[in-house]
Amino acid sequence: MIPAGHPEENAERSKAAPEASAEQKAKLVDAINECFELLRINYQHLYFSAYPEVDAVNAAKRLWLEGLSNFSADTIRQATHELIKQSDYLPTISRMIRKSTELSGSTELPNAHSAYVEACNASSPKQNHPWSHPAVYYAGKQSDWFFLANNSENRTFPIFKANYEKLCEKILCGEALPPIKQLALPEYSETPLSKEENSERMTELRSELGI
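Everything numeric in this text was worked out from a predicted model, so none of it was measured.

### Quick look at the overall build of the chain
Inference 1: A count of helices and strands for the chain gives ten helices and zero strands.
Inference 2: Each helix and strand of the chain, ordered N terminal to C terminal, gives the series α-α-α-α-α-α-α-α-α-α.
Inference 3: Counting every position in the chain, which comprises 211 residues, the buried fraction comes to 37%.
Inference 4: For the chain, long-range pairs separated by at least 24 residues make up 68% of all intrachain contacts whose partners lie at least 6 apart in sequence.
Inference 5: Carbon together with sulfur atoms contributes 51% to the accessible area of the chain, which is approximately 12,800 Å² in total.

### Digging into unusual backbone geometry
Leaving glycine out, the prevailing phi sign among residues is negative, and the prevailing peptide bond configuration is trans.
Inference 1: The omega torsion across serine 124 and proline 125 is -5 degrees, close enough to zero to call that bond cis.
Inference 2: Among the structural elements, proline 125 can be located in the loop between α6 (112–121) and α7 (134–143).
Inference 3: The backbone of glutamine 44 sits at a positive phi, close to 35 degrees, despite the residue not being glycine.
Inference 4: For glutamine 44, the position within the fold is in the loop between α1 (22–43) and α2 (45–50).
Inference 5: At aspartate 144, a position not held by glycine, the phi torsion is positive, near 85 degrees.
Inference 6: With respect to the secondary-structure elements, aspartate 144 resides in the loop between α7 and α8 (145–149).

### Regarding the side chain of serine 87
Inference 1: Within the secondary structure layout, serine 87 lies in the loop between α4 (73–86) and α5 (93–104).
Inference 2: Judged by its relative accessible area of 14%, serine 87 falls in the buried class.
Inference 3: Dropping the residues within four chain positions of it, serine 87 is found in contact with Tyr43 and Arg95.

### With respect to α4
Inference 1: With 14 residues, α4 should cover 20 Å at 1.5 Å per step; its first-to-last C-alpha distance of 20 Å lies within 8% of that length.
Inference 2: Buried within α4 we find Ala73, Thr75, Ile76, Ala79, Thr80, Leu83 and Ile84. The buried side chains of α4 occupy one side of the element, clustering within an arc of 165 degrees when seen end-on. In α4, the exposed positions angled more than 90 degrees off the buried face are occupied by Asp74 and Lys85.
Inference 3: Summarising the contacts, the buried residues of α4 are in contact with α1, α3 (54–67) and α5.

### Description of α7
Inference 1: Counting buried positions along α7 yields seven of ten residues, so the element is predominantly enclosed.
Inference 2: Looking at α7, one finds that the buried residues are Ala135, Val136, Tyr137, Tyr138, Ala139, Gly140 and Ser143.
Inference 3: On its buried face, α7 is in contact with α6, α8 and α9 (153–172).
Inference 4: Phi turns positive one or two residues past the end of α7, at aspartate 144, with a value near 85 degrees.

### Focus on the side chain of serine 100
Inference 1: Structurally, serine 100 can be placed in helix α5.
Inference 2: Among the polar contacts made by the side chain of serine 100, one reaches the main-chain carbonyl oxygen of methionine 96 at a distance of 2.8 Å.
Inference 3: With residues near it in sequence (within four places) discarded, serine 100 still touches Leu68, Phe71, Thr75, Ile76 and Ala79.

### Comments concerning the pattern of salt bridges
Inference 1: Under the counting rule described, the total for this entry stands at six salt bridges.
Inference 2: One salt bridge connects glutamate 23 with lysine 27, and the closest N-O pair in it is separated by 3.5 Å. With a gap of four residues between them, glutamate 23 and lysine 27 both fall in helix α1, about one helical turn apart.
Inference 3: Residue lysine 27 is classed as partly exposed on the basis of its relative accessible area, which comes to 48%.
Inference 4: Close ionic contact of arginine 77 with glutamate 34 constitutes a salt bridge, the shortest N to O distance being 2.7 Å. Separated by 43 residues along the polypeptide, arginine 77 in helix α4 and glutamate 34 in helix α1 bring together distant segments of the chain.
Inference 5: Looking at arginine 77, the relative accessible area reads 22%, which means it is partly exposed.
Inference 6: Judged by relative accessible area, which is 40%, glutamate 34 ranks as partly exposed.
Inference 7: Shared partners join several salt bridges into a network, and the residues in it are Glu34, Asp74 and Arg77.

Quick notes on the rules
Residues numbered from 1 in each chain as written. Predicted model: local features only at pLDDT ≥ 70, side-chain atom pairs only at ≥ 80, totals over all residues. Heavy atoms only, no water. Helix = DSSP H or I, 4+ residues; strand = E, 2+ residues; numbered from the N terminus. Buried < 20%, exposed > 50% of the residue type's maximum accessible area, 1.4 Å probe, protein only. Contact = heavy atoms within 4.5 Å. Areas by Shrake-Rupley, 256 points an atom, 1.4 Å probe, with all protein chains shown as cover. Expected span 1.5 Å × (residues − 1). Arc of directions from axis to C-beta. Polar contact = N/O pair within 3.5 Å; in protein donor to acceptor, adjacent residues only side chain to side chain. Salt bridge = Lys/Arg side-chain N within 4 Å of Asp/Glu carboxyl O.

So this is what it looks like as structure tokens:
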């Protein structure tokens, strides 16, 4: 790739994801080169502090190419433009992935707030709820169901959002989430349980429901 602000003339073509065609790869490389030139122009001192040498620039570009390979060249350009407008600091790869996901509209993942609303309104047992995506369930579980149910959105949404976005980044980088294990509901029995059995059943149920 052409390191922005450095003298090399020809772009170094890094390895893209296996499924990307040669044309798609070339478009992504060109877009990332353009984005780094924008970063150099807009951030100058910060840019050269972060990337003082050609090798550092090329390493960063390879990271972008690997992390953003699921997005179109136009989405990457747009994400870079928007992040430049929003921040006085160089965008990290995680922020680029989040912004590109937000702009893409091509993923089955719901946006963070829609996922939050779904998690908060999900029926119990949570494992058996018809989730729109497993990431919503796991973000809710990581955030703690009891915490989500018993605190205000101002307090709970930032925590849920952080957990959800980390999961989204893993998915976009090709990592698969484990399947949600359905909870086997106890069959109805006419024989009353003993006090000890009732206590054990309630303890198990509280643990499974996160309460």
